[in-house]
Number of protein chains: 4
Amino acid sequence: MQQTRKIIDLNSDVGESFGNYTIGLDEEVVPLISSANIACGYHAGDPAVMRRTVRLALANGVGPGAHPGLPDLMGFGRRAMDVSLDEIRDYVTYQVGALMAFTTAAGGKLQHVKPHGALYNMAVTNPAIWETVAEAMAAIDPDLILFVLGGANREALKAMGRRVGIRVACEFFADRAYNPDGSLVSRREPGAVIKDHDAAAARVLKMASEGRVTCINGEEIALSGETVCVHGDNPQALALVRQIRRTLEDAGVAIQPVGTFLQD
Amino acid sequence: MQQTRKIIDLNSDVGESFGNYTIGLDEEVVPLISSANIACGYHAGDPAVMRRTVRLALANGVGPGAHPGLPDLMGFGRRAMDVSLDEIRDYVTYQVGALMAFTTAAGGKLQHVKPHGALYNMAVTNPAIWETVAEAMAAIDPDLILFVLGGANREALKAMGRRVGIRVACEFFADRAYNPDGSLVSRREPGAVIKDHDAAAARVLKMASEGRVTCINGEEIALSGETVCVHGDNPQALALVRQIRRTLEDAGVAIQPVGTFLQD
Amino acid sequence: MQQTRKIIDLNSDVGESFGNYTIGLDEEVVPLISSANIACGYHAGDPAVMRRTVRLALANGVGPGAHPGLPDLMGFGRRAMDVSLDEIRDYVTYQVGALMAFTTAAGGKLQHVKPHGALYNMAVTNPAIWETVAEAMAAIDPDLILFVLGGANREALKAMGRRVGIRVACEFFADRAYNPDGSLVSRREPGAVIKDHDAAAARVLKMASEGRVTCINGEEIALSGETVCVHGDNPQALALVRQIRRTLEDAGVAIQPVGTFLQD
Amino acid sequence: MQQTRKIIDLNSDVGESFGNYTIGLDEEVVPLISSANIACGYHAGDPAVMRRTVRLALANGVGPGAHPGLPDLMGFGRRAMDVSLDEIRDYVTYQVGALMAFTTAAGGKLQHVKPHGALYNMAVTNPAIWETVAEAMAAIDPDLILFVLGGANREALKAMGRRVGIRVACEFFADRAYNPDGSLVSRREPGAVIKDHDAAAARVLKMASEGRVTCINGEEIALSGETVCVHGDNPQALALVRQIRRTLEDAGVAIQPVGTFLQD
């Protein structure tokens, strides 16, 4: 799957509206992506939004995924909390189960799980959290795929997935600069966010077709990812997603839900 | 199943603790019952409590059930809310899915769903709510059993279940007086709650073995129920459950999870 | 104040954003009104939004008011709940106190209280709720003004306010049709909402200057209100507010916070 | 106030019940203390509990205080969250305001503010949080007293209070061992909690009468506190409070709300 891959997944966070509050351009971004990370009611989303978003994803052939977060609606799940691994396991089980019910009710199948916000960031610095999330998933449905931030630790995370009994997909960030060690450049550093759409689309193509990325210092490194994280919360973000799609399609790279092509 | 039945289910509300707050004597009541109605985080319960309670039920051979309620933690789900049928469907889907994940993770299977508190009472006066809950259940898992307040409308609710595609179990209340039409005497009326343990246990036995109950006016009516609602929130309630068990066992009535014997 | 009044208050619901979610065009509508109904964290709003909205109101010479609602963030406080009068009293005390702290911290003074959504509608059909809210207010600060739906019961509500020890201001709805008894035409009836901006502005002027309104059946009745409810959640609503202001100013009617001119 | 003080305050966390959930023996502990730290609805407590607890405190001549916490009901406010100083300021303003309304409505006056749980612990390691809380308080009512963990930084915190414009009271923990630098021995260390009631009561007396405490290594240091933190959540804790009272009274030390004797 590595060198010759000509398939890539595009994922985006959706279903983040809540009650009377609307966020994101879900109707517009879902047709452009292949995997949907759907909020589950803890940091965003509510049961009605979950139902509608699952149906929107399925109607567009998009793989529905759970996007579990910390129980912090006021902070949108973006504030680190000192939760234990057991609490994380339970919170993930709860949210994945809730979303799975909507997927089942809509005649679909939950494809993946991507931790949201602070929970994702906490896992990046503490891999025991990736493993805890993986264990929670394996206990519910071993077909589920865990989205992680790949890089230097790609093989370690893949091995963890095999040990726990689930598949792991590594994410590539279309609009973020990378350090030579494969980690993301901190948002506090200059150049961390790539604003030029041409550059971002070219990077996605290079990673998808060659498994390589040019780092912030100009160095080129190997970096593999099966799914690319894109955004759909404003018209500019949508424009970037459209350009990435065009660039990939022009180069003959297929865009498909990660569950259709991920091997291990 | 009607006349010759010598099997009955005992159900109780458990898993109602939340965070640092403990309610109920779950460790003591679960071994005495055969079906557990487990709160799902809306009106009570949290993910850790759900995990522990599911495991407690399974370890005791008790059928785990979801006890979905209104999103009103402050009111413990006991206050009627003007929610739409669509909102009810979504809230039930969410909560049942969340609990199902814990049941699956523990190697068990969710047996039933019993609406909690105000949601239950709203369904009693508006049967469209029973049907909405049944539809939500059928879309998730048609093996699930819906607990309803039976009585004069028993056959209508059974027929609704067949139409929707799930089984319906009628509840009998051990400690509540009945009107001649098979409805419960309002708690505001004198004599509504039967405080004498001997009388309550004898009523359960009569209903379980003969399918009959003596109403508040002395009249005896036919009343069938497959599951008897008991309580476990204080030592007195526990004493009543123990006495009901003894009375049933002495009379040769088996106590089993409703899923093991319910026909249709 | 009755016949010769040439002063009117314009109030609008603001501060309804929450966490990462934005609702309403507060920055644009606040400079156009004279009283701001600020959500208090139960049905909408959060502490940061409350702080910012109070400061925005004070910076524009707008009277800050509390807009307490039911504890139902998911339903935006729009769903009736079966809460007791004691619960209402406590919820209002809590929310008014919270908002008052932000008003005090900003160097201002809380002017009024307007129940939100379902709580407002419940009070319209059950005046004991108006009285309960008034009592909660009087116990915190007898200078507070209660906004009510006036009409046929205007004098009764004013008398209630005097009895309890607070002032009562009656609301007029700029874009809603009235029945001959002074009640609002139900939104389910045709013609309930007045969409023509000229007509709506003319009605406000007639009520403000003559104390009269033309009802849905063409009949003209006496109807006095000290404050007019307008909206600021979309550009069209803003346009109506601007037209109402112009119409009033052209006719020499002053627009001022109700606390500056309300007598009793 | 230092050497000749023969007055001390006893404070305890109360009002932590929520909805249908009861925690703590408030009715029994409040008559034994002189200052009550009352939860404000974020990590514990609800409007009805706040109303009742404020009245209970006032009826017993106990100084009512706000006990604001992080917005984490599920974690009882005991989990550190990555909140900003602005968020802390807003959360404290909100909660103090809410409790103040109940105090005012009951005819009393809010005496103090003590951050709860993780917020308190975060302030201990980051004094900017004490200052932020103090600023929030000063903007609402400069008569409010802030409870802090005193020790080596006692004078620094007192100076901060003078700068901000509120009084600061230092807490002494009756049942916790101290390090020679005046900090608390971590609960993870052996001997951190003093379980012997005689020893705990003697320590309180020594601190109250001499301003000295014997540290975990046997060394005696100067340590002044105006208020002693005690607990009332179980019968054993109550027994300790009773013994502390007796020990103090036998030695002629008066127990009074800190607001009655705190100088600066």
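Residues numbered from 1 in each chain as written. Chains lettered and ligands numbered in written order. Predicted model: local features only at pLDDT ≥ 70, side-chain atom pairs only at ≥ 80, totals over all residues. Heavy atoms only, no water.

K.L.:
Where do I start with the overall build of chain A in this structure?
P.N.:
Across its full length, chain A holds 8 helices and 10 strands. Against the 2.2 N^0.38 benchmark of 18 Å for 264 residues, chain A shows a C-alpha radius of gyration of 17 Å, consistent with a compact globule. Counting all 264 residues of chain A, 60% fall into the buried class. Taking as baseline every contact in chain A between residues at least 6 positions apart, the subset at least 24 positions apart corresponds to 73%. Taken as a whole, chain A presents about 9500 Å² of accessible surface, with 49% of it coming from carbon and sulfur. Considering chain A, the positive charge centre built from 25 side chains and the negative charge centre built from 31 side chains are found 3 Å apart. (Helix = DSSP H or I, 4+ residues; strand = E, 2+ residues; numbered from the N terminus. Rg over C-alpha atoms; globule rule 2.2 N^0.38 Å. Buried < 20%, exposed > 50% of the residue type's maximum accessible area, 1.4 Å probe, protein only. Contact = heavy atoms within 4.5 Å. Areas by Shrake-Rupley, 256 points an atom, 1.4 Å probe, with all protein chains shown as cover. Lys, Arg positive; Asp, Glu negative; His and termini not counted. Charge placed at Lys NZ, Arg CZ, Asp CG, Glu CD.)

K.L.:
In this structure, what is going on with the interface of chain C and chain B? I would like to understand it.
P.N.:
Size of an interface, as often reported, equals the accessible area lost when the parts are brought together. Chain C puts 11 residues into the contact, and the matching count from chain B is 11 residues. Buried surface at the junction of chain C and chain B, summed over both partners, amounts to about 920 Å²; 55% is from carbon and sulfur atoms. Looking at the side of chain C facing chain B, the largest losses of area belong to Met74, Arg79 and Met81 of chain C, adding up to 52% of the total buried there. Taken together, the links from chain C to chain B amount to 2 salt bridges. Across the pair Glu87 of chain C and Arg79 of chain B runs a salt bridge whose closest N-O atoms are separated by 2.9 Å. Grouping the constituent residues of the side of chain C that touches chain B by class yields 7 nonpolar, no polar and 4 charged. (Buried area = accessible area lost by both parts, 1.4 Å probe. Salt bridge = Lys/Arg side-chain N within 4 Å of Asp/Glu carboxyl O. Nonpolar A, V, L, I, M, F, W, Y, C, P; charged D, E, K, R; others polar.)

K.L.:
Can you help me understand the packing of aromatic side chains in this one?
P.N.:
Given two aromatic rings, their pairing is described by the distance between the two centres and the angle made by the two planes. Summed over all chains, the structure comprises 32 aromatic pairs over all chains. Each ring, one from Tyr42 of chain B and one from Tyr94 of chain B, has its centre 5.5 Å from the other, and the planes form 50°; the classification is tilted. Taken together, the residues Tyr42 of chain B in the loop between β2 (35-39) and α2 (47-59) and Tyr94 of chain B in helix α3 (residues 85-105) connect sequence positions 52 residues apart. A relative accessible area of 2% means that Tyr94 of chain B is categorised as buried. Members of the aromatic cluster, joined through ring pairs, are Phe18, Tyr21 and Phe76 of chain A together with Phe18, Tyr21 and Phe76 of chain C. (Phe/Tyr/Trp six-rings, centres within 6.5 Å; stacked < 30°, edge-to-face > 60°.)

K.L.:
Would you mind going over the interface of chain B and chain A with me for this structure?
P.N.:
Counting from both sides, the interface comprises 19 residues of chain B and, opposite them, 19 residues of chain A. When chain B packs against chain A, the two sides together hide about 1600 Å² of surface, and 67% of this comes from carbon and sulfur. Sorting the residues of chain B by area buried against chain A places Pro47, Asp90 and Tyr94 of chain B first, and these three jointly supply 38% of that buried surface. The interface formed by chain B and chain A holds 2 salt bridges in total.

K.L.:
Got a minute to help me understand the state of the cysteines in this structure?
P.N.:
All names here are of chain B. Tallied over the entire structure, the rule returns 0 disulfides over all chains. Between Cys215, a cysteine without a disulfide, and Cys170, which holds the nearest cysteine sulfur, the sulfur-to-sulfur distance is 16 Å. For Cys215, a relative accessible area of 5% puts it in the buried group. (Disulfide = S-S within 2.5 Å.)

K.L.:
What is the right way to look at the relation of the copies chain C and chain B in this model?
P.N.:
In this structure, two copies of a chain are linked by a rotation about an axis accompanied by a shift along it. For the pair chain C and chain B, the relating rotation is 180°, the translation along its axis is 0.0 Å, and the fit reaches an RMSD of 0.0 Å. What we have between these two chains is a two-fold relation. Distance from the rotation axis, computed per C-alpha, reaches its smallest value in chain C at Met81 of chain C: 2.2 Å. A shared interface surface links the copies, since 100% of the contact residues of chain C are contact residues in chain B too. (Least-squares fit on C-alpha atoms with pLDDT ≥ 70 in both.)

K.L.:
Can you help me understand the relation of the copies chain B and chain A in this one?
P.N.:
It takes a turn of 180° to lay chain B on chain A, together with a shift of 0.0 Å along the axis; the resulting RMSD is 0.0 Å. When the interface residues of chain B are mapped onto chain A, 100% of them again lie at the interface, so the same face is used by both copies.

K.L.:
Is there a simple way to think about unusual backbone geometry in this case?
P.N.:
Trans is the prevailing form of peptide bonds, just as negative phi is the prevailing case for residues other than glycine. For Phe76 of chain B, which is not glycine, the phi dihedral falls at a positive 55°. Relative to the helices and strands, Phe76 of chain B is located in the loop between β3 (63-67) and α3.

K.L.:
Mind showing me how you'd approach the pairing of strand β6 (residues 167-173) of chain A here?
P.N.:
Moving residue by residue along a regular strand, the side chains alternate between the two faces of the sheet. All names here are of chain A. When you tally the buried positions in β6, you get 6 out of 7 residues, the bulk of the element. In this structure, strand β5 (residues 145-149) lies alongside β6, joined through 5 bridges in parallel fashion. Note on β6: the bridge partner recorded for Leu146 is Val168. Note on the crossover from β5 through helix α6 (residues 154-164) to β6: the handedness is right-handed. (Pairing = 2+ DSSP bridges. Right-handed = clockwise from strand over helix to strand, strands pointing away.)

K.L.:
How should I be thinking about the pattern of salt bridges in this particular structure?
P.N.:
When the charged atoms of two side chains with opposite charge come close together, those side chains can pair. Considering all chains together, one arrives at 68 salt bridges over all chains under this definition. A salt bridge links Arg163 of chain B to Glu131 of chain B, with the shortest nitrogen-to-oxygen separation between them at 3.2 Å. Here the residue Arg163 of chain B occupies a position in helix α6 (residues 154-164), and Glu131 of chain B occupies one in helix α5 (residues 127-140), the gap between them amounting to 32 residues. Classification of Glu131 of chain B by relative accessible area gives partly exposed; the value is 24%. A salt bridge links Lys206 of chain C to Glu220 of chain C, with the nearest nitrogen and oxygen atoms 3.2 Å apart. Of this pair, Lys206 of chain C sits in helix α7 (residues 197-210) while Glu220 of chain C sits in strand β8 (residues 220-222), and the two are 14 residues apart along the sequence. Under the relative-accessibility criterion, Lys206 of chain C is labelled partly exposed at 21%.

K.L.:
Could you clarify how one ought to interpret the packing of helix α7 (residues 197-210) of chain D against helix α8 (residues 235-250) of chain D in this entry?
P.N.:
Each pair of packed helices can be described by the angle between their axes along with the distance between the axes. All names here are of chain D. At a closest axis distance of 9 Å, the pairing of α7 and α8 adopts a crossing angle of 40°. With respect to α8, the axis of α7 lies oblique. You can see that α7 and α8 cross each other, and the crossing is right-handed. Residues His197, Asp198, Ala200, Ala201, Val204, Leu205 and Ala208 of α7 pack against Gln236, Ala239, Leu240, Gln243, Ile244, Thr247 and Leu248 of α8. Considering only residue class, the contact of α7 with α8 consists of 9 nonpolar, 4 polar and 1 charged. (Axes fitted to C-alpha atoms, helices over the stretch in contact; angles between N-to-C directions. Parallel < 35°, antiparallel > 145°, perpendicular 65-115°, else oblique. Left-handed = near helix turned anticlockwise from the far one by under 90°.)

K.L.:
It is not clear to me how the environment of Asp26 of chain C should be interpreted in this structure. Could you clarify?
P.N.:
Residue and element names in this part refer to chain C. Mapping Asp26 onto the fold places it in helix α1 (residues 26-29). Judged by relative accessible area, Asp26 falls into the buried class, the value being 13%. Along the backbone, Asp26 and Val14 are 12 residues apart, and their C-alpha atoms lie at a distance of 5.9 Å. Those residues in contact with Asp26, other than ones at most four positions away along the chain, are Val14, Gly15, Glu16, Pro31, Thr53 and Leu56.

K.L.:
Just to check I follow, could you spell out the environment of Val83 of chain B for this structure?
P.N.:
As for its placement among the helices and strands, Val83 of chain B is situated in the loop between β3 and α3. Distance in space between the C-alpha atoms of Val83 of chain B and Leu119 of chain B is 9.6 Å, their sequence separation being 36 residues. Setting aside anything within four residues of it in sequence, one finds Val83 of chain B in contact with Leu70, Ile88, Tyr91 and Met122 of chain B together with Arg79 of chain C.

K.L.:
Looking at this model, I keep getting lost on the side chain of Ser34 of chain B. Mind explaining?
P.N.:
With respect to the element layout, Ser34 of chain B can be found in the loop between α1 (26-29) and β2. When sequence neighbours within four positions are dropped, the list of residues in contact with Ser34 of chain B reads Ile8, Asp9, Leu10, Gly61, Val62, Gly63, Ile255, Gln256 and Pro257 of chain B.

K.L.:
In this structure, what is going on with the confidence of the model for chain A? I would like to understand it.
P.N.:
When pLDDT is low, close inspection of the predicted coordinates is not appropriate. Of all residues in chain A, 98% have pLDDT values of 70 or greater, and the mean over the chain is 95. The ipTM value of the predicted complex is 0.96, and its pTM value is 0.97. (pLDDT = per-residue confidence, 0-100.)

K.L.:
Would you mind going over helix α5 (residues 127-140) of chain C with me for this structure?
P.N.:
Since the α-helix packs 3.6 residues into each turn, any two residues three or four apart lie on the same face. In this model, α5 of chain C (14 residues) spans 20 Å end to end at C-alpha, consistent with the 20 Å of a helix rising 1.5 Å per residue. Residues Ile129, Trp130, Thr132, Val133, Ala134, Ala136, Met137 and Ile140 of chain C constitute the buried set of α5 of chain C. Close packing links the buried residues of α5 of chain C with α3 (85-105), β4 (112-113), α4 (117-125), β5 (145-149) and α6 (154-164) of chain C together with α3 (85-105) of chain D. (Expected span 1.5 Å × (residues − 1).)

K.L.:
Looking at this structure, how should I read α6 of chain A?
P.N.:
Residues and elements named next belong to chain A. Along α6, the residues classified as buried are Arg154, Leu157, Lys158, Met160, Gly161 and Val164. The buried residues of α6 occupy an angular sector of 155° when the element is viewed end-on, so they sit on one face. Following α6 by one or two positions, Gly165 has its phi on the positive side, about 105°. (Arc of directions from axis to C-beta.)

K.L.:
Where do I start with the side chain of Asp46 of chain C in this structure?
P.N.:
Mapped onto the elements, Asp46 of chain C comes out in the loop between β2 (35-39) and α2 (47-59). At 2.6 Å, the side chain of Asp46 of chain C forms a polar contact with the backbone nitrogen of Gly19 of chain C. Reaching out from Asp46 of chain C, the side chain makes a polar contact with the backbone nitrogen of Val49 of chain C at a distance of 2.8 Å. Not counting the four nearest positions on each side in its chain, Asp46 of chain C is found in contact with Met74 of chain A together with Ser17, Phe18 and Gly19 of chain C. (Polar contact = N/O pair within 3.5 Å; in protein donor to acceptor, adjacent residues only side chain to side chain.)

K.L.:
Even after reading the chapter, I still don't get the pairing of β5 of chain A, so can you show me in this structure?
P.N.:
Residue and element names in this part refer to chain A. Taken across its 5 residues, β5 has 5 buried, putting it largely inside the fold. Of the two faces of β5, the one holding Ile145, Phe147 and Leu149 and the one holding Leu146 and Val148 are both buried throughout. When strand β4 (residues 112-113) meets β5, the two strands line up parallel, connected through 2 bridges. Opposite His112, over in β5, you have Ile145 as the bridge partner.

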